[in-house]
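Secondary and tertiary structure notes
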Amino acid sequence: MTASTVTQYRPAQRPGRDGFAQLLRAEWTKFRTVRAWVIGLVIAVLVMIGVGLFGASAGGSSCQAVSGGPVRTGGACAPTFPAGPGGEPVTDSFYFVRQPLAGNGSITVRISSLTGLLPPANPGPVATDTRPGLVPWAKAGIIIKESTRPGSAYAAMMVTADHGVRLQNDFTGDTKGQPGAVTTTSPRWLRLTRSGDTVTGFDSADGTHWTQVGTVHLSGLATTVQAGLFATSPEYSVISQNFGGGGGGSILPSQATAVFDHVGRSGTWPASAWSGGYIGAAGGSGIGKYHQASGRFTVTGSGDIAPIVAGSGNSGDPGKTITDHLVGTFAGLIAVIVVATLFITAEYRRDLIRTTLTATPRRGRVLAAKAIVISSVTFVAGLVAAAAGVIIGAQVSHARGSLVFPVSWLTEVRVIAGTAALVAVAAVLALALGTVLRRSAAAVTIVIVAIVLPYILGVASILPVGASEWLLRITPAAAFAIQQAAVQYPQVNALYTPTSGYFPLAPWAGLAVLCGYAALALILATIMLRRRDV
Amino acid sequence: MEATIEVSGLRKKFGPHLALNGMTFTVEPGQVTGFVGPNGAGKSTTMRVVLGLDAADEGTALVGGQPYASLRHPLSHVGALLDAAALQPSRSARNHLLWLAHSQGLTARRVDAVIEQAGLESVVRRKAGGFSLGMRQRLGIAAAMLGDPPVLMMDEPFNGMDPEGIVWMRGFLRSLAGQGRAVLVSSHLMSELQDTADHLVVVGRGKVIADTSVRELLSAASRDRITVRTTTRSEAMTVLAHAGATVAATGRDTLTISGLPADRVVALLGESAVPFSEVSAHHASLEEAYMELTKDEVEFRAAAAEDTTEEAAR
Ligand SMILES: Nc1ncnc2c1ncn2[C@@H]1O[C@H](COP(=O)(O)OP(=O)(O)OP(=O)(O)O)[C@@H](O)[C@H]1O
Ligand SMILES: [Mg+2]
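The rules behind the values
- Residues numbered from 1 in each chain as written.
- Chains lettered and ligands numbered in written order.
- Predicted model: local features only at pLDDT ≥ 70, side-chain atom pairs only at ≥ 80, totals over all residues.
- Heavy atoms only, no water.
- 1 Å grid on protein atoms, 1.4 Å probe; cavity = no way out; pocket = protein on both sides within 12 Å on 5 of 7 lines; lining within 4 Å.
- Points joined across faces, edges and corners; volume = space filled by probe spheres on them.
- Helix = DSSP H or I, 4+ residues; strand = E, 2+ residues; numbered from the N terminus.
- Nonpolar A, V, L, I, M, F, W, Y, C, P; charged D, E, K, R; others polar.
- Domains from an automatic or database assignment.
- Contact = heavy atoms within 4.5 Å.
- Buried area = accessible area lost by both parts, 1.4 Å probe.
- Salt bridge = Lys/Arg side-chain N within 4 Å of Asp/Glu carboxyl O.
- Polar contact = N/O pair within 3.5 Å; in protein donor to acceptor, adjacent residues only side chain to side chain.
- Near = heavy atom within 4 Å.
- Areas by Shrake-Rupley, 256 points an atom, 1.4 Å probe, with all protein chains shown as cover.

In this section: empty space enclosed by the protein. For the coordinates displayed, the defined rule picks out two cavities of 30 Å³ or more. Within this model, the largest cavity holds a volume of roughly 270 Å³. Contributing to the lining of the largest cavity are 23 residues, with A:Thr355, B:Ala80, B:Leu81, B:Leu82 and B:Ala143 lying nearest its centre. Of all the elements in the fold, those that place two or more residues in the lining of the largest cavity are helix H4 (352–359) of chain A together with strand E5 (78–81), helix H2 (93–103) and helix H4 (133–145) of chain B. Element by element, the count of residues in the lining of the largest cavity is highest for H4(B), at five residues. Per-class residue counts for the lining of the largest cavity are 14 nonpolar, five polar and four charged.

Here you go:
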C-alpha cells in the first residue's frame, strides 16, 4: 500500500467560522458547565451581602447624637440631625445675634479679635480648668440665613482661627478669602450683600479697599431672612493619630469669642433691636452669649456650622455610609479569587490546558477570552452583590434607627459599579497569576495576600494610620477606594482615616492601581503562556 | 490539504536530557501508522511537538504541509488524543465536547454525532470524573473526531480498554484509514497494533530506528529464520554454530536458526547425524519482530537496518 494509491479523505464536516466570539463562547461554556464554579460565585454574592449586612447592623453606638437629638424608645435609637439644603446631615449650632432683613441689603462688620477657650488639657478624673486657645476652625463673622431653623440655607463671611477669612454657604460650600489671623492690630472687615437669592461676600483689611471673595446662590431664598453676627467653635478633639482607632480620643466643647467693633447695615431692617440666641439643639454644647456696648458687640458661641462627616472621630460614628454596607466585599472576593484562579489552574492540574491549546493554538487569544469571560461573570456577580448590599443595608440600617448618609446617585452608581469592577479586575489578576504559577494554592494565596490582607490591615485598627494608608496606596487593595462614599471636607476637622472610610487615593485612582497590577500580571501571563511548553 | 504528518529532524532537550534526537518520519494517508518504541523513546513528546504544545529546539513538524500553530480550525485538520485523563472531572462528557465544539465554531449537533460514533450515548450526561479509563478513551476519540479531521493522532488509545474495546478500537482505526485519513497511533505494546497498523515507525532514544511497512518488517524478521525441533539440542547447536549460523534455544526442544537457509540446515544436521523431527520456516509475530528491533538499538543500526534496506532493494 502506498500513498499514491490512496484516495485522500475529504471531510464532510465543514469547518465553522473562525473568530474570537467562538473562543469566548467556548470559555463561557467551560465556565458554566462546572457547577462548583457557578456555586462559588453565588456564594461570593451571598457572602458579600451577608457580611455587609452584619456591617450594617454592627456598631451599637449610633445612639450618640452629635448635635443632641431625641432618643427613641424601643431598643433602636435614632439620632436626629438637621438636614442641610443638600439633604446631608449637618451640624448647625452657633450663637446668633440677629435681625430680620427684608429684601435686598447688606451688612458690614469689622472684627478686631477672635479668642477662645479650650477644654482642660488633661481631662482626667481631676478636672483642670479650661485654658485659652482656639480650635483651627473656630469661626465668627456675619451670616445671612433663611431662618433660625437648623439646617436652613445660609451664606456667611467669617474669620477663623487658622484658616483666614472664608465665605461659606449651605454647609458644604467654602471659599478662601484673606489669609492670616485676626488681631487688634490687624482687624478684618467683612461684608455680605444680598440681592434676591444671590449673596456676595467681600473682605477688606482697611474698610476701604474691598475684595470680592465669592458669590453664592441660595435658591428660593425668602424675602425676609435673618441676618447678623455669629460665633461658634467646633468640638476640641484629642485624637491619637498613631493608631487608626475610630473613637480613640476625647471630644469636648470649645468656645470662641469675637469682638465686632463696627457694625454697619444697608437695606430694610424692620426690627428695632438685635436679639441674641443659640441656634441648634442646646444640648451640652449650647454655650453662647453676647454683649453690646456703644456699637461694639462681643459674641461668644460654641458648636459648628458644617456638614457632619462619617467617622468624624466622635464617640460613635454618627451613621452609616453605603461603604459600610459593602464591607463584605473582601469576603466575597476570596471566593471570587478561588474561582478565577481555578478557571485556569484546574486546566493545568489535569493537563486539560493541552486540549485547550490544541483547539486554539493562538495562546494569547485563549488567555484574553478567559480574562473576558471571568471578568464578565464576576462583574455581574459583583454588581448584583453590591446593589443588593447597598439596598438591603440601607433598609437594615434604617430599621435599626441608624442614619445612612445620603449620597448622590452618581456616587451610588460609582460605588456599586466600582465594586463590581474591583471584583472583576481582581478576578483577572487571579487568572493571570494562576496562569503564571499553574498552581491553585499558590496563586490563590498570593492574590489574597495582595488584596484582601492589606485591605483588612488597612481598615481595621491594627496598623498605624500612616502604614494603613501606604498599604492602601501601593497594594492592589488600593482599589477599595472606589467604595468610598464618605466625603472629606477640608473645613471639618475629623479623623479621615481608612478605618473611618476614608481612603488615601481617589476612587478611580485606587481602582487604577489594581488595574495596573492586573495588566502587568496579564502581560507576564501572556508571555509565559506563549513561551512555555505545556 | 494533504492528509499527512511530516516530522523532520526534531531535536528537543528537557534540561540535560535529550528527548528527541533527530526524529524524522512521515505519516501517509490511507493507512494506520503505528508509532512504537520503549518507554521514554519520545513518542508523546513528538506528538506534542506536532501539535505545537512543545517547541522543538530544532527541526520542523508539519500537518498537511503547514505548522500546526498556523491552522485556523485545527480540530478540522488534526484530531488528537494525547491523554484521555485530561478532563475537568466535574464537567459532564457532553459539556466537555460542547466547549471544544464551540471553540471550532461547531454546533451541538456535531457533538451528538461524535458521541454516537464513539458509542457514548448512554453516559454523556455523567461527570467525566466518574469515567473509567476505557470510557475516557472513547470520549477522547469523540473529541478527536469533532472536526472530522483527515489526520488523526492518538497516544496509546488502547490503554485501559477491555478486550471488547480493543476490538472496537482496531476496527475504528482501520475504518478511519479506509476512509483515506492518516492515522498515527502510538503504543509500546506491539501486540495491540497487530492486525491494525499497516506501517510502523519504530523509535528509540528520540529517533527513528525503523520506518517500514508491517509486511516487510514481519517478513524481514521471519525471512531467514528457521525453527528446528530436536531432542539433541546441544549437538545441533554446536553443528549449526560451527557452520556459521546464529542459533537460539527458544524452547525445551526447539531452536531458532538464522544465517543459514533451510536446505543447508537439513543437510548439515543429516551429515552430522543429529536427529531432528521438524525443520520449518519461522513465523515471527509483530511482538517478536519489534523485540528484535529494539533489543539493542545500537546493534540494530549496524546490522538489521542495513539488512532491511538490502531486503527492500532485492
Ligand atoms: N516535560 C518533560 N520534562 C522533562 N522530561 C520530559 C518531559 N516530557 C518528556 N520527558 C522525557 O523525555 C523522554 C521522552 O518522553 P516521552 O513521554 O515522549 O516518551 P514516550 O515514548 O511517550 O514514552 P511512553 O511509552 O512511556 O509513553 C523521556 O525520557 C521523558 O522522561
Ligand atoms: Mg508516552
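Turning to the domain arrangement of chain B, a few remarks are in order. When the parts come together, some accessible area is lost, and that loss is often what is quoted as the size of the interface. Residue and element names in this part refer to chain B. Along its sequence, chain B is carved into domain 1 (5–212) and domain 2 (223–303). Computed over C-alpha atoms, the centres of domain 1 and domain 2 are 39 Å apart. At the interface, 15 residues of domain 1 touch nine residues of domain 2. Overall, the association of domain 1 and domain 2 removes approximately 1,000 Å² of surface from exposure, summing both partners, and the carbon and sulfur fraction of that is 68%. For domain 1, the biggest contributors to the area lost against domain 2 are Met190, Gln194 and Ile209; these three give 47% of the whole. Across the contact surface, domain 1 and domain 2 share zero salt bridges. Here domain 1 is connected to domain 2 by zero residue pairs in polar contact (both at pLDDT 80 or more).

Bringing the site of ligand 1 into the picture now. All names here are of chain B. Neighbouring residues of ligand 1: 14 residues in total, closest Asn39, Gly40, Lys43, Ser44 and Thr45. Interatomic distance of 2.7 Å between a side-chain N/O atom of Asn39 and an oxygen atom of ligand 1. Within the contact set of ligand 1, an oxygen atom lies 2.7 Å away from a side-chain nitrogen or oxygen of Ser44. Burial of ligand 1 by the protein amounts to 63% of the accessible area it has alone, namely 630 Å². Taken together, the elements giving at least two residues each to the shell around ligand 1 come down to strand E2 (17–27) and helix H1 (43–50). Tallied by class, residues from the shell around ligand 1 come to four nonpolar, seven polar and three charged.

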